[in-house]
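Architecture and fold: a report
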Amino acid sequence: SFRHEQQAAHAADAYFRVLATREGLVIGTDAYMSPEQARGPDVDPRTDVWAFGCVLFEMLTGRPAFAAATTADTIAAVIERDVDLSAIPPQAPPALHRLLRRCLQRDIRERLRDMGDARFDLEDLAWDPRVPAGGTSRRRIAAAAAGLLVLGGLSGALVMRARSTAVETAAP
């Protein structure tokens, strides 16, 4: 029905806050934006590292790292609030805690440089014999990481394609 279509459109609008790809405007899903992305300047691969950290946090805790009642409140939380790493299950390996801390550094200079760095940390974690096989298993971590890396690559390609399309469209 028309009412359901309106509700679905409203829900999609609330979930995806895609505004534009021009400098100074924001593109992305609010709860997964890096602080620098939420402010609007140009971004680099460390923004993907932040988003990866948000998704990994959500996979481990069952809740988003940043969520609020409104988009504005969520973006404010991304910009101002640190992630509550104490919410990560205690059985998660310490190396996973360290990885999340490195992915979700507010200071972009202290964050992992790119997803390649995250991949190396995850591979080390997946094959670390000190990581217990039960609970948060090495295979589950490795499988989840591989899936996230593929999704990160695809989303990066889509953003680059959208930017090039926007530039082509804007050309006289």
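In this text the structure is predicted, and so the values were computed from the model without any measurement.

**Focus: the pattern of salt bridges**
- Summed over all chains, the structure comprises 8 salt bridges.
- We note a salt bridge from Glu36 to Arg111, for which the minimum N-O separation is 2.7 Å. In this pair, Glu36 sits in helix α2 (residues 35-39) while Arg111 sits in the loop between α5 (94-103) and α6 (115-126), placing the two residues 75 residues apart along the sequence. The burial state of Glu36 is the same as that of Arg111; both residues are buried.
- Salt-bridge contacts for Arg46 lead to Asp44; the nearest nitrogen and oxygen are separated by 2.4 Å.

**Focus: the confidence of the model for the protein**
- Averaged over the protein, the pLDDT score is 75; the fraction of residues at 70 or greater is 58%.
- Ranking the elements of the protein by mean pLDDT puts helix α7 (residues 138-170) last with 53 and helix α3 (residues 45-61) first with 93.
- Of the regions scoring below 50 in pLDDT, residues 15-22 engages in 21 contacts with residues more than four places distant in sequence or in other chains.

**Section: the environment of Glu36**
- Glu36 sits in the buried class, given a relative accessible area of 11%.
- Expressed as a C-alpha distance, the spacing of Glu36 and Ile79, which sit 43 residues apart in the sequence, is 7.9 Å.
- Glu36 has contacts with Pro41, Val43, Arg46, Thr47, Ile108 and Arg111, leaving out every residue within four places of it along the chain.
- Here Thr47 takes part through its side chain, which lies 3.2 Å from a polar atom of the side chain of Glu36.

**Brief notes about the nonpolar core**
- Formed by 28 residues in total, the largest nonpolar core has its most connected members in Phe52, Phe66 and Leu99.
- Breaking this core down by element, the ones donating at least two residues are α3, α4 (71-80), α5 and α6.
- Take this core: its biggest share by element is 7 residues, from α3.
- For Leu99, the contacting residues outside a window of four places in its chain are Phe52, Leu56, Leu112, Ala118, Asp121 and Leu122.

Conventions we followed
Residues numbered from 1 in each chain as written. Predicted model: local features only at pLDDT ≥ 70, side-chain atom pairs only at ≥ 80, totals over all residues. Heavy atoms only, no water. Salt bridge = Lys/Arg side-chain N within 4 Å of Asp/Glu carboxyl O. Helix = DSSP H or I, 4+ residues; strand = E, 2+ residues; numbered from the N terminus. Buried < 20%, exposed > 50% of the residue type's maximum accessible area, 1.4 Å probe, protein only. pLDDT = per-residue confidence, 0-100. Contact = heavy atoms within 4.5 Å. Polar contact = N/O pair within 3.5 Å; in protein donor to acceptor, adjacent residues only side chain to side chain. Core = buried A, V, L, I, M, F, W, Y, C linked by side-chain atoms within 4.5 Å.

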